[in-house]
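Spelled out from the first residue to the last, the chains are:
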Amino acid sequence: MSGPPSTYDALVVGGGHNGLCLAAYLARAGWSVGLLERRHEEGGGLNTEEPSIPGFYHNLHAQFMEFLDYMPFYQDFDLERMGSRSVYPEAQCGITFADGRAPLIIHRPDLLDRTHKSIARYSKADADTFCELKRKTMEIDQFLAASLYNPPPVAEQGKLPNPLANPMIEPMFAHLGLDPTYTLKSPKVIIDELFETPELRMLLYRECVEWGTPVEMEMGGTAFVMSVLWLSAIWKLMIGGTHTLAHAMTQACLREGVTFLESAEVTKIVLSDSRAVGAETADGRTFQARHVVASSVDVRQTLLDLVGAENLSELWRKRTERFRYGPSHVLATTTWCLTEAPHYRSAEVDPEIDRCFYTVVGFEDPDQMMDYIRAAYGDHVPERPGAGMWVNSLFDPSQAPAGMHVATGWFFFPTADRLDERGWEEVRRTYNDRFLELWTQSAPNINSSTVLANRLYTPDQMDSKNRMRFGDFSNGAFAVDQLNSSRPFPEAAQYRTEIEGLYLCGASSHPGGGIHAGPGYNAYKAIAADHGLAELWEANGRIY
Amino acid sequence: MSGDVSTAVRPTDAADGEDGRLSFDAVIIGAGHNGLTLGAYLARSGLSVGVFERRGEEGGGLCTEELTLPGFLHNVHANYHTFVGLAPAFRHLELTEEGLEYVRPEVQMASVFDDGQALCVHTDAERTHASIARISERDADTFRRLQAEARRYVDLMLETFMYGPPVGINDLTKALVTFGLDKRSEFLEAKLRGSTIAQFLDRHFESDAVKAHLAFHAAICGYATDAKGLAIGFPLLVGKIDNWQLCLGGSHRLAHTLWRDLVRHGGLVHVQCDVARILVADGRAVGIELTDGREVQARQLVASSIDVEQTVGRLLAEDPSTAALRAKRSELRHPAWSLFSVHLALSEAPHYAAAAFDPDVDRAWVMNLGYSRVGDLIADWKAAREGRLPDPHPNAAVNSLFDTRDAPPGKFTGLLRQIVPAKPQNGSIESWDEVKDEYATRCIETWQRFAPNIQDAVIASAIDTPADIERKLTNMRDGDWMVGEIALDNLLDKRPLPELANYRTPVERLYMCGSTQHPHGFITFAPGYNALQVIAQDLDLEPWWRWV
């Protein structure tokens, strides 16, 4: 007998952070678990590589960690003992300008006086408003986290889910002192109403997009609270790159007895009497599941490609086919090997910008920012190539050779299908150079003599590497009709599918993409309820 | 073929130290395959094990990356695994049960020559004989006898001399003489310790092409054709000439497999943790300090799988007991040559002109592109030693012919690899950055000469120079992927220095367990396994892994 076993209590499809999370909990509950991963590495978007010069590490997908303090997987499985380490930079996110204007920097929530000082350079009123909102938001962060780490509310029988029916929303707005009508507005309208400073508005638009919330999405009040007020400026940096977190998660899974089946591309979820009973892989292997098959790949791939439309009811087939990818959360990662860290003109006013974790570069006014976002969410590559940049080596020397620096940034781009193969090749060949021109204007020391190498990693490549369709790293657009109790669609929002034994545990389920492992955790709750497994989430005194 | 999972047993926990400090019974520096192998055996022996790795991935030379484009898996370093099934670790650590899969291509190796002829080594010895016989019947018969003989003693040689602490060359010779080897053997003779591989080939074979192919095969194993004394290792290489195997899903999968075995048995690997210092108290290794300032306690032992220069020069810089070793660092020998690789994403597999002579070349794995006589190889070694770029005669491999998972459907992943000087110009390894593009083009042009469809099939390429080897794996200084020259006076009990050859060091409970040690680099698992034997003695461990 050779090779790993072929029968497990549960099979988990996909070894990204959600698959790893669910596998760890199922194994701890006593089940045997086989985790099938198509790639040669676990971690999905927790991906760190040396794409240009060995020794320069770049995170090609996930960059920053805002959920480490909340993530049950992180706490329950002691991922720090499994080797995960992080840094919590003081200056969190900022924007810098070519003309040397004062930068705007939002610091950690425990350093709000610094944030206040930075914003107050432009407007004391804005500084007061922002800092007060941030302070009050952090008072209720556990409740906000609870909204991620629980299945979304179940819609009333026979009724459509109402995105405003969440009982949490009204008290939340009351606590923050925000007009309840903001629930109906888009983040952009809210930002413009609350703040007068163009520079701050620009930064907040970008923050909103950074977490994947379309800035002009109506009924976006809750999203504004989540992505702009809560999840901004609580970003941690993974020492060694985000892939080290995947390593820690993997070690946790191994300790629980999970079997890793890698280079195992699932091509079919096997049904028997309309029940999911196993999976077949591209190389002809078959694995059996006694109780559960859980898929962390997106809902369309799971139901249309792996289960097959012919095995779905007409309603489920239609719903699945109508599930949309992008345009939100489609990005390109720009990677730079540098002989020195950027020194910005704006540092003359506030040197902290040179030590800021995340710095927005290349936008001088709000129109440029909005043009960019609208282009990216529309159908073309933005004309003016601004970016948000991380220089991780400022905080973690292990990510670059001694004395050198590594910069990684995000461009937001249209979905991969908007250009053909040659079009993306052209973007990869030219776009970084165009960005460098803008970058040099803001940081004159970053130029051809300090740049050793650069590479651009585009949405079409994210699709081919990680099967993030069209480059959509959230596995499905963030839109009101695809969020919460409607994600991926109302009938599938509780992680169960119409196929008995088949569960969804990936980012196309609530709460979506991002390294929180919420879908994996919530799927465990659903599976535990259905199969009488231990209520492991009650550990550690959390409210979720 | 159904199996079942027994109830998952939570492995013994590696308890932390009292002050919250990381603490293990055994601390291993470097998560290459030797460090992981030693770690996995120790974990299975009941020790808590922590492995600390400077890079973001475990595996060292077992490194698979999408260097060119997503979906194309390239083995950046180790590509050919020749000890599959031979190394004890495969059995003891149940690597297959953990999911490791290998394929042994039927056409193992081939040479295509300028005159359009070709020669193939098959897993089927009769087919190999037929292939060689088309060039020289006499050589075909000789090779058949050589291979048969080598097979008879390959297990003895491996288990006695490779998978155990080293014996001296004199003792080895004595044993062989006592055994009556010269009478029992046509090919293996004690006097080979004074011969080069080229001389051995001249003595036994007549055809230039056959000799070139056999010398090529040894060269890929790191054995220089013209180095005195290496002839004694040559029959051993022939004993496994048909055991070249490809790790499915990429070589890195072996690293994952070892890692998983280690963790399942209670060990942990900490990646992106560079070690700054080995902590010594009263002459005994008690832990390590990381470059970020953290200390890790080692309750029983520390083992270093990295090079001697770093271990004694950097990690023990202030330790008095190793001062004498530090003074001898300049005696550590690294070859002047290294490897230059071009990794390719291809839209089609190569179709060789020589397929008209022998269609099997199109399904061969390891290809010799153009070494037609032993002199061609010697010229390359000479050029490499003198810092000149040789005219490329790269070896080529298209793994996707045997592992469809390493490239997108219908596409192929290719590798060209050439022996080159580690320091091509002005003695500087960095000068590779200037010449690499042009040299890569020349390598591809050579391939094109033998496989006329290949240039048009190139979708993307990525170059890996000796400078890149050193940048990625600092252990392989000067691009020395064997971590110490392969030369008779730098092997066995001379490796890496006589004082360190038995895996112990002047610091009590500090061991060397990497490729610096006997037998040498390559995916043998032997340095880790052999260090285990010494550690087991010192710690009085129950040797559960002994099968005799």
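As the structure is a prediction and not an experimental result, all values here were calculated from the model.

1. Some remarks on the interface of chain A and chain B
Part 1: Listed per partner, the contact involves 48 residues of chain A and 50 residues of chain B.
Part 2: Taking both partners together, chain A and chain B bury about 4300 Å²; carbon and sulfur atoms supply 47% of that area.
Part 3: When the buried surface of chain A facing chain B is broken down by residue, A:His40, A:Arg81 and A:Arg255 rank first, second and third, together holding 17% of it.
Part 4: Linking chain A to chain B there are 8 salt bridges.
Part 5: The partner of A:Arg39 in a salt bridge is B:Glu66, and the shortest N-O contact between them spans 2.6 Å.
Part 6: Remark: the boundary between chain A and chain B carries 25 residue pairs in polar contact (both at pLDDT 80 or more).
Part 7: At 8 residues, helix 10 (residues 243-256) of chain A tops the list of elements feeding residues into the side of chain A that touches chain B.
Part 8: Counted by class, the side of chain A that touches chain B contains 12 nonpolar, 20 polar and 16 charged residues.

2. Side note on unusual backbone geometry
Part 1: With an omega of -10°, the peptide bond running from A:Arg487 to A:Pro488 counts as cis.
Part 2: You can see A:Pro488 is positioned in the loop between helix 15 (459-466) and strand 18 (502-504).
Part 3: The amide bond that connects B:His518 to the next residue, B:Pro519, takes the cis arrangement and shows omega of 5°.
Part 4: Turning to its location among the elements, B:Pro519 is positioned in the loop between strand 18 (510-512) and helix 17 (526-539).
Part 5: Positive phi values are uncommon outside glycine, yet B:Asp478 reaches one of about 55°.
Part 6: Turning to its location among the elements, B:Asp478 is positioned in the loop between helix 16 (466-472) and strand 18.
Part 7: At B:Leu492, a position not held by glycine, the phi torsion is positive, near 50°.

3. What about the state of the cysteines?
The bond known as a disulfide is covalent and runs between the sulfur atoms of two cysteines.
All names here are of chain A.
Part 1: The final tally for this structure, using the stated rule, is 0 disulfides over all chains.
Part 2: Cysteine 93 takes part in no disulfide bond, and the closest cysteine sulfur, belonging to cysteine 356, lies 6.4 Å away.
Part 3: Given the relative accessible area of 0%, cysteine 93 is considered buried.
Part 4: Distance from the sulfur of cysteine 253, which forms no disulfide, to the nearest cysteine sulfur (cysteine 21) is 8.4 Å.
Part 5: Look at cysteine 253 and you get buried, because its relative accessible area is 0%.

4. Quick notes on the domain arrangement of chain B
Residues and elements named next belong to chain B.
Part 1: According to the domain assignment, chain B contains domain 1 (22-54 + 273-330 + 485-546), domain 2 (63-87 + 97-123 + 336-481) and domain 3 (125-241).
Part 2: A straight line from the C-alpha centre of domain 2 to that of domain 3 covers 24 Å.
Part 3: Listed as interface residues are 37 residues of domain 2 and, on the opposing side, 32 residues of domain 3.
Part 4: Note on domain 2 versus domain 3: buried area summed over both sides is about 2900 Å², and carbon and sulfur give 65% of it.
Part 5: Taken together, the links from domain 2 to domain 3 amount to 3 salt bridges.
Part 6: Aspartate 360 is the salt-bridge partner of arginine 127, the closest N and O atoms lying 3.0 Å from each other.
Part 7: The interface formed by domain 2 and domain 3 contains 9 residue pairs in polar contact (both at pLDDT 80 or more).

5. As for the domain arrangement of chain A
Residues and elements named next belong to chain A.
Part 1: Assigned domains within chain A: domain 1 (7-40 + 262-324 + 475-531) and domain 2 (46-108 + 233-240 + 326-471).
Part 2: Domain 1 and domain 2 are separated by 31 Å when their C-alpha centres are compared.
Part 3: Each partner contributes to the interface: domain 1 provides 20 residues, whereas domain 2 provides 21 residues.
Part 4: Carbon and sulfur atoms supply 57% of the area that domain 1 and domain 2 bury against each other, a total of about 1800 Å² over both sides.

6. A few points about the sheet that holds strand 6 (residues 107-112) of chain B
Residue and element names in this part refer to chain B.
Part 1: The strand order across the open sheet built from 7 strands is 7-6-14-15-16-13-17, with neighbouring strands paired in mixed fashion. Pairing within the sheet leaves two strands with one partner each, and these edge strands are strand 7 (118-122) and strand 17 (458-464). The mean angle between the axes of side-by-side strands here comes to 20°, regardless of whether they run parallel or antiparallel.
Part 2: Relative to the sheet, helix 13 (residues 374-385) contacts strand 13 (337-346) and strand 16 (412-421), its axis offset from that of strand 16 by approximately 65°.

Rules behind the numbers
Residues numbered from 1 in each chain as written. Chains lettered and ligands numbered in written order. Predicted model: local features only at pLDDT ≥ 70, side-chain atom pairs only at ≥ 80, totals over all residues. Heavy atoms only, no water. Contact = heavy atoms within 4.5 Å. Buried area = accessible area lost by both parts, 1.4 Å probe. Salt bridge = Lys/Arg side-chain N within 4 Å of Asp/Glu carboxyl O. Polar contact = N/O pair within 3.5 Å; in protein donor to acceptor, adjacent residues only side chain to side chain. Helix = DSSP H or I, 4+ residues; strand = E, 2+ residues; numbered from the N terminus. Nonpolar A, V, L, I, M, F, W, Y, C, P; charged D, E, K, R; others polar. Disulfide = S-S within 2.5 Å. Buried < 20%, exposed > 50% of the residue type's maximum accessible area, 1.4 Å probe, protein only. Domains from an automatic or database assignment. Pairing = 2+ DSSP bridges. Axes fitted to C-alpha atoms, helices over the stretch in contact; angles between N-to-C directions.

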